[in-house]
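Single-letter residue listing:
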Amino acid sequence: MNDFNRMTIVATVEVVAEFNSHNDMDVLEVQRGISGRCNASSKSGRVAALARIAADEDIEVMTEVGLVPLSRTLVELAIKAPEHARRADTWKKLVAGLRFDRFEILETETEIVSNSR
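Residues numbered from 1 in each chain as written. Predicted model: local features only at pLDDT ≥ 70, side-chain atom pairs only at ≥ 80, totals over all residues. Heavy atoms only, no water.

**Quick word on the overall build of the chain**
Right, so step 1: Each helix and strand in the chain was counted, giving 6 helices and 4 strands.
Right, so step 2: The helix and strand sequence of the chain, counted from the amino end, reads α-α-α-β-β-α-α-α-β-β.
Right, so step 3: Against the compact-globule benchmark of 13 Å for 117 residues, the chain has a radius of gyration of 13 Å, which places it among compact chains.
Right, so step 4: Its C-alpha atoms give the chain principal-axis dimensions of roughly 35 × 30 × 25 Å.
Right, so step 5: Buried positions account for 44% of the 117 residues belonging to the chain. (Helix = DSSP H or I, 4+ residues; strand = E, 2+ residues; numbered from the N terminus. Rg over C-alpha atoms; globule rule 2.2 N^0.38 Å. Buried < 20%, exposed > 50% of the residue type's maximum accessible area, 1.4 Å probe, protein only.)

**Some details on helix α3 (residues 43–57)**
Right, so step 1: End to end, α3 covers 21 Å across 15 residues, agreeing with the expected 21 Å (1.5 Å per residue, within 8%).
Right, so step 2: Along α3, the positions that sit buried rather than exposed are R46, V47, A49, L50, A51, I53, A54 and A55.
Right, so step 3: If you follow the buried residues of α3, they end up packed against α1 (6–18), α2 (22–31) and α4 (70–78).
Right, so step 4: Residue D58 follows α3 closely and has a positive phi angle near 40 degrees. (Expected span 1.5 Å × (residues − 1). Contact = heavy atoms within 4.5 Å.)

Right, dumping it as C-alpha cells:
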C-alpha cells in the first residue's frame, strides 16, 4: 500500500525534475534500479514514466538506510528542492498532496513527518 496519493507522486516527480537535468535523472534511475524503464526523450515523458512506476508498482529500492518504497525516496528527494524549485506551482501541488496524505513538511528541518502515524 502506497502512503502517497497519485497527485502527490506526480507532483513529487515534477519537483525533482525542476532541479535535475536529464543526466541527473538517468543517474537517479540507475541508483534506484529502474534504468531503462523511463526512456522518454522529453523530460515530461520521463516524469510520467517515473511517476507511473512509483504510483503503480512502488517497488522497494536500496537507499542509504536500507530498502525503502520508491515513492518515499522520491518525496524525500523533492522536499530537499532548492529555493527556485519551491517557487514553482508544482511545489504547491506537492505540499497540498502531502497534506491530503496527512504529512507536513517542516521547513526548518526539511523532513517529512506524518500527523497520523
